[in-house]
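Survey of secondary and tertiary structure
The lines below spell out each chain.
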Amino acid sequence: EVQLVESGGGLVQPGRSLKLSCLASGFTFSNYGMNWIRQAPGKGLEWVASISSSSSYIYYADTVKGRFTISRDNAKNTLYLQMTSLRSEDTALYYCARLRISNWYFDFWGPGTMVTVSS
Amino acid sequence: DIQMTQSPASLSASLEEIVTITCQASQDIGNWLAWYQQKPGKSPQLLIYGATSLADGVPSRFSGSRSGTQYSLKISRLQVEDIGIYYCQQASSAPLTFGSGTKLEIK
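The following paragraphs examine the structure supplied in this document. Note that the coordinates shown come from a computational prediction; the quantities given were computed from them, not determined experimentally. Just so you know, the residues in each chain are numbered from 1, in the order the chain's sequence is written. Chains carry letters from A onward and ligands carry numbers from 1 onward, assigned in written order. Reporting in this predicted model follows two pLDDT cut-offs: at least 70 for local features of residues, and 80 or more for side-chain atom pairs to be given and counted; totals over whole chains, interfaces and linings ignore these cut-offs and use all residues. The side-chain figures draw on all heavy atoms in the structure; neither hydrogens nor water molecules are used.

Overview of the pairing of strand β9 (residues 92-99) of chain A
Residue and element names in this part refer to chain A. Whether a residue is buried, partly exposed or exposed follows from its accessible area with a 1.4 Å probe, protein chains only, as a fraction of its type maximum: under 20%, in between, or over 50%, in that order. Strands are runs of DSSP state E lasting at least two residues, helices are runs of H or I lasting at least four, and both sets are numbered from the N terminus onward. Among the eight residues in β9, seven count as buried, and that is most of the element. Paired strands are those between which DSSP finds at least two bridges. Here six bridges tie strand β4 (residues 34-39) to β9, and the two strands are oriented antiparallel to one another. Looking across to β9, one finds that Ile37 is bridged to Tyr95. As judged from the three bridges shared by β9 and strand β11 (residues 113-117), these two strands associate in the antiparallel manner.

As for the sheet that holds strand β8 (residues 78-83) of chain A
All names here are of chain A. Strands sit in the order β1-β3-β8-β7 across an open sheet of four strands; the sheet is antiparallel. Whereas interior strands pair on both sides, the edge strands pair on one side only; in this sheet they are β1 (3-7) and β7 (68-73). Sheet twist, expressed as the mean angle between neighbouring strand axes with direction ignored, is 15 degrees. In the sheet, strand β3 (residues 18-25) pairs with β8 via six bridges, with the strands oriented antiparallel. Each residue of the ladder has a partner; that of Ser21, found in β8, is Tyr80. Here the axes come from fitting lines to C-alpha atoms, over the contacting stretch only for helices, and the angles between their N-to-C directions go from 0 to 180 degrees.

A few points about the environment of Phe108(A)
Residues and elements named next belong to chain A. As for its position among the elements, Phe108 is in strand β10 (residues 106-109). Each C-alpha atom, one on Phe108 and one on Cys96, is 8.5 Å from the other, the two residues being twelve residues apart in sequence. Not counting chain neighbours up to four residues away, the residues in contact with Phe108 comprise Val2, Leu4, Cys96, Ala97 and Arg98. In what follows, a contact means two residues having at least one pair of non-hydrogen atoms within 4.5 Å.

A closer look at the pattern of salt bridges
Residues and elements named next belong to chain B. For this document, the term salt bridge refers to a Lys or Arg side-chain nitrogen within 4 Å of an Asp or Glu carboxyl oxygen. Per the counting criterion, the structure on display carries ten salt bridges over all chains. One salt bridge in this structure joins Asp28 and Arg66, with 3.8 Å as the shortest N-O distance. Pair noted here: Asp28 is in the loop between β3 (19-25) and β4 (33-38) and Arg66 is in strand β7 (residues 62-67), with a separation of 38 residues, a long-range link. Between Lys103 and Glu105 there is a salt bridge, with its nearest N and O atoms 4.0 Å apart. Of the residues examined, Lys103 reaches a relative accessible area of 45% and is grouped as partly exposed. By relative accessible area, Glu105 is classed as partly exposed at 39%.

As structure tokens, then:
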């Protein structure tokens with residue numbers, strides 16, 4: 001069974017940093033592109049970042065480019081999101097999601113980890 | 001960036017009724033379109049990909065179609081378990097973008 005479990009969320013002050021993790025199981029992690037997608041409270045879905053299976057290709061939304069870094073450790077079956085210079089508008093539930101092979105559809109999602117940016 | 005305009009924002013329908021949700025892409029995205037269902041308090045789930053292909057385990061009462069740059073999700077016979085928010089997503093080019101969502105309720 002495919003499982004994605006995010007961790008690392010919490011309350012953080014504006015301007016500070018936070019690192020999210022997503023532990024994958026139930027599939028060959030190194031074969032799949034992975035993503036972070038966020039959902040602000042009561043709002044819709046916003047794609048944040050994508051990383052290819054071997055980390056060769058990385059993409060970011062303009063809203064986080066230069067502040068967030070996506071990475072992965074295929075030996076540990078883990079996806080990461082390093083977030084710096086956090087702003088109040090980064091407050092959201094952050095989902096880890098797997099890409100279907102050879103396309104840009106999200107076929108499995110984790111339950112999410114909540115990040116709250118507030119003083 | 002490709003904009004996805006989704007309508008309606010909310011919808012109330014009776015059980016067994018046919019429900020249709022639409023998404024308009026701001027430019028040609030071919031069949032690179034997915035639909036997701038988000039049940040209350042849960043993560044989104046892939047329903048349709050490639051505009052018309054049903055994802056694994058999705059009931060056959062769900063279907064997708066395309067007419068030019070307009071895409072539709074149809075639920076042929078609404079069931080109680082179908083309540084939630086539905087999102088379209090374009091998979092043609094980065095940045096990947098979602099529609100604003102349609103909240104579906106039972107009348």
